[in-house]
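A look at the structure
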Amino acid sequence: MNAPAAQHCRGGWAWLWGGLLAASLLAQERPVGRVKNFAVPDYDAQNRRKAVLYGEEAISGTNGLWHINRLRIESYAGQTNPAWIVEAPACLYHDPTRRAWSDASLTAISTDGQLRVTGQGFDWRQTEQILVISNEVRTLLRPGKPQPGTAAMPGLARHDLELTAQTLVYEGQRSAARYAGNVRVRELLPAGATNPPVTLACGELTIFLSTNRGGVEAIEARQQVVFTQGGARLEGELARYQAVDDVMVVERGARWETGQMSGQAERLVFNRSKDEVHAMGQARTRLRESAAPQPPTTNQAAQVLELTAPSFSVQLPASNRPLTTLHATGGVSISRGDLKAGGESLSFSGTSTSGVARIQGNPWWRTESAEGKAAELAWERPANVFSGRGGGQVVLRRAGSGTGAEQALTVQADEYDLADDYAAFRGRVVAEDAQWRMEGPQLRLRQDPRTRQMQAIQWEGGVSAEQRLAAGAADIPWRLQCAGLTVEMAPDGQRASRLVAVGNIRLEPARLPPAATNRPAWKLQCERLILGLNAQQQLENALAEQRVYLETLPGDERTPAWALTGERLTLGMAAGRTNQVERVQVEQQVTLRQIGGGTQRSGLWHLASQQASLRLNPVTGEAVEAQAGGGVHAVQLHSNLTQVAWTLAAESARLWLGASNRVERLQARREVRVEQGYTTNLPPWQMQCGEVDITFSPSNTLQSLEAREAVVITQGASRATGALGLYHGASKDFELRGQPSLLLVEERAARTNGTPRRLEIEGAEVLIWNREAQTFRGRGPFRIRPTGPLRLPGQP
């Protein structure tokens, strides 16, 4: 076939239908009767053969009607050989109206193999150049082969198309074929093709044929149009396709669906060559989750991300896979379950198993229990993590609290990630509500994936936490600083029930109002701390461990402070008193000491043991009683704060404290040893016994003493014993009972290395020893054995 002929052959259907013009039989005079090998040629103005109508037999009828059997029409289209062949078993031809029709089948084939049409029943109207095939229309359209040096066939013209319908109306003047009635178009792909075939279903379809390249030039579909290619599906009431740019436009109730998304818009533009879908006018799409199994607690409604925007575009991959990218602009909103979000623009990139949606331009989000914002928001699937970057803020509302900020936890951070079961914040993180303010570099919230109620708040990398009694209150009773902090929430997730701090912990008052200056405050240091809170978020108890240090801070200059150290400490708070310590218990290597005084009359004392407890006045907060056990060692300084007044060692001890934490009374038991401190007049005295009860004067001097169980008192070389020992501060007498004995040794002779005078007294009922005057008296008969000259007291 020569080149001009091939060019005409690519004219496609136009030559097919043009070949039927031969049925006009020109304006010649027809034979009559039965004619064998009936043939009627048709010529153009240049006397070139256009077409020839053949019939094995033609029978003339009345009024110019012919009955033709075994119809064959050859169309030459300016060529030497036929370009088209049309065949039918029989037909009627009416010469005056130039119309041919039949209820028999019809087959039309282009000789280059590009086109084949079959149907049942046809009607050809030569004057209007219209062919109607009334039943069982089937069309097979094959693409023409491009000439060397020309571009490949565009769009749908690249592959075979099979088209079926109930009827076909071909308009020769427009080169348009209009199909109606259950229209179906299917792309027939060659073996080994990777792309899925195109299908089209509609109620009415018009195909405009190319007059110079062959194949389809444009398609217009109406009435419940459904266009599919693999997982992609477009629907609407009107669709137009242009082969030159391979673009499908769907309007009037346009909808679409892919393996990972579905949506709707006023107008859809699908560019097949670029694999792009553009949605315009109230566009909405739903991005499905991957098919991976979800936890049974996950809400099924949360499996879809729905997007609404004035317009957006979707980039599809070339192969049969889900979408790769989506871009939306002009005010975007998305929803996923109870999650709502929005901004000026959105982009999504993903595959069938993963993807990220990013929102920019004043983005925001909210759920039933929270809301937030950031410079940029992102949603990652299938992990379902919602993230904010840059100037982020999250407000976590309490159940039933509405949107009131006073009932919510507000978290500010440089960036954050939110999931069904956790929330993570990084950068400079500040979390605060009406009763707490916390700040640190990293914060993580654990929550119930179903109810999203908070279960715990975890801080890492150093955190500072402040407690407030009420919103805007001046009183901030506690500031907690530590390396890591976990806040455990109550079962309802609405309040903190316990704080667990670790690493270099410091707990102290942050700020006290002026009216509270006379109230002692506390400072605690340790390595691990557990704080229990009541329903009003007041401190109820505390457990400190590892290198514990607790001290009181003076409320004014007259209130001395004291400190407590150990390895394990428990604080119990006064009922109904805001964070007021009432009980203190400490264990392992305990030291309890008064660390200073506001005046010279305020003594300093300390106590060491393996365990100790303190009871405090619930009103004033001052210590009123201390108990110690496990090897007690107590020391009291004189009022000059440099010399030891007395020391005590025992297995256990109990101290009653007065104003300014002064020791008023002391009881000790088991292996008790009391020693007087340094004195310039007399050598110090020591006492050993099984138990002792001591009271002290306001100036911290010994006021009274009662010792029991094998009492032994020594002073220098002198020594007294008894079952009961009593000391009276007013007279400075020691009173001994229970088989008392007394050995008096002259101290002056002992100091000069001479032979001291000695008195041994025993057998009396009561012995009274004045240690300063070195005198004694007794009741009941007693024995006395002097050593050296005996001096008797003078007469009064």
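What counts as what
- Residues numbered from 1 in each chain as written.
- Predicted model: local features only at pLDDT ≥ 70, side-chain atom pairs only at ≥ 80, totals over all residues.
- Heavy atoms only, no water.
- Helix = DSSP H or I, 4+ residues; strand = E, 2+ residues; numbered from the N terminus.
- Buried < 20%, exposed > 50% of the residue type's maximum accessible area, 1.4 Å probe, protein only.
- Areas by Shrake-Rupley, 256 points an atom, 1.4 Å probe, with all protein chains shown as cover.
- Core = buried A, V, L, I, M, F, W, Y, C linked by side-chain atoms within 4.5 Å.
- Contact = heavy atoms within 4.5 Å.
- Polar contact = N/O pair within 3.5 Å; in protein donor to acceptor, adjacent residues only side chain to side chain.
- Pairing = 2+ DSSP bridges.
- Phe/Tyr/Trp six-rings, centres within 6.5 Å; stacked < 30°, edge-to-face > 60°.
- pLDDT = per-residue confidence, 0-100.
- Salt bridge = Lys/Arg side-chain N within 4 Å of Asp/Glu carboxyl O.
- Disulfide = S-S within 2.5 Å.

Before going further, it helps to spend a moment on the overall build of the chain. Secondary structure summary: the chain contains three helices and 49 strands in total. Every one of the 796 residues in the chain was classed for burial, and the buried ones make up 49%. Counting only carbon and sulfur atoms, one obtains 48% of the accessible surface of the chain, whose full area is about 36700 Å².

Let's shift gears to the nonpolar core. Within the largest apolar cluster, 177 residues are counted, with the highest numbers of intra-cluster contacts made by Leu205, Phe425, Leu480, Leu485, Leu529, Leu648 and Val692. The residues touching Leu648, leaving out its near neighbours within four places in the chain, are Val632, His633, Ala634, Leu666, Ala668, Val672, Arg673, Val674, Val692 and Ile694.

So, on to the side chain of Asp246. Counting through the fold element by element, Asp246 comes out in the loop between β13 (232–242) and β14 (247–257). Take Asp246: its relative accessible area is 2%, and that puts it in the buried class. Among the polar contacts made by the side chain of Asp246, one reaches the side chain of Tyr241 at a distance of 2.5 Å.

Let us look at the pairing of strand β44 (residues 733–737). Counting buried residues along β44, four of its five residues qualify, which places the element largely inside the surrounding structure. Where strand β43 (residues 718–728) meets β44, five bridges bridge the pair, whose relative direction is antiparallel. Opposite Gly725, over in β44, you have Leu736 as the bridge partner. The antiparallel hairpin formed by β43 and β44 contains four residues in its connecting segment, where Lys732 sits at a positive phi of about 60°.

Right, let's get into the packing of aromatic side chains. Tallied over the full model, the rule gives 10 aromatic pairs. Ring geometry for Trp365 versus Phe386: centroids 6.0 Å apart, planes at 75°, classification edge-to-face. Linking Trp365 in strand β21 (residues 364–366) with Phe386 in strand β24 (residues 385–397), this pair joins segments that are 21 residues apart in sequence. The buried category is assigned to Trp365, whose relative accessible area is 3%. Judged by centre distance (5.7 Å) and plane angle (40°), the ring pair of Tyr416 and Phe425 falls under tilted. Overall, the relative accessible area of 0% leaves Tyr416 in the buried class. An aromatic cluster is present here, built from Trp685, Tyr727, Phe734 and Trp769 joined pairwise through their rings.

What follows concerns the pairing of strand β27 (residues 436–447). Sheet analysis places strand β26 (residues 422–432) next to β27, joined by nine bridges and oriented antiparallel. Following the sheet pairing, Phe425 is matched in β27 by Leu443. Hairpin remark: β26 followed by β27, antiparallel, with three residues in the connecting loop. Taken together, the six bridges between β27 and strand β28 (residues 454–460) define a ladder with antiparallel strand orientation.

Here we come to the confidence of the model for the chain. Predicted confidence across the chain gives a mean pLDDT of 78, with 78% of residues reaching 70 or more. Taken together, the stretch residues 149–155 has pLDDT below 50 and engages in 17 contacts with residues farther than four places along the chain or on a different chain.

With that settled, consider the environment of Ala58. With respect to the helices, strands and loops of the structure, Ala58 is situated in strand β2 (residues 49–60). Along the primary structure Ala58 and Leu71 are separated by 13 residues, whereas in three dimensions their C-alpha atoms are 9.3 Å apart. Residues contacting Ala58, with those up to four places away along its chain left out, are Gly33, Arg34, Val35, Phe38, Trp66, His67 and Ile68.

Under the defined criterion, the tally for this structure stands at 43 salt bridges. Bridged by salt links that share partners, the residues Glu220, Arg222, Arg240, Glu251 and Arg267 form one connected network.

To continue, consider the side chain of Asp417. Note on placement: Asp417 falls in strand β25 (residues 408–418). A residue is classified by how much of its surface remains accessible, and Asp417, at 11% relative accessible area, is buried. A polar contact of 2.5 Å, which involves the side chain of Asp417, links it to the side chain of Ser387.

For the rest of this paragraph, the subject is the state of the cysteines. Enumeration over the complete set of coordinates arrives at zero disulfides. Counting only cysteine sulfurs, Cys526 is the nearest neighbor of Cys482, a cysteine outside any disulfide, at a range of 9.1 Å. Note on Cys482: relative accessible area 6%, which makes it buried. Among the residues examined, Cys526 registers a relative accessible area of 3% and is labelled buried.

On to the environment of Arg336. Among the structural elements, Arg336 can be located in strand β18 (residues 325–336). Given a relative accessible area of 5%, Arg336 falls into the buried group. A C-alpha to C-alpha distance of 6.3 Å links Arg336 and Glu306, two positions 30 residues apart in sequence.

All right, on to unusual backbone geometry then. Leaving glycine aside, a negative phi is the common case for residues, and trans is the common case for peptide bonds. Even without being a glycine, Asn47 presents a positive backbone phi close to 65°. Among the structural elements, Asn47 can be located in the loop between β1 (34–43) and β2. By relative accessible area, Asn47 is classed as exposed at 58%.

Here Trp101 shows up in strand β5 (residues 99–110). Looking at Trp101, the relative accessible area reads 25%, which means it is partly exposed. If sequence neighbours within four positions are ignored, Trp101 has contacts with Leu65, Cys91, Leu92, His94, Phe122 and Asp123.

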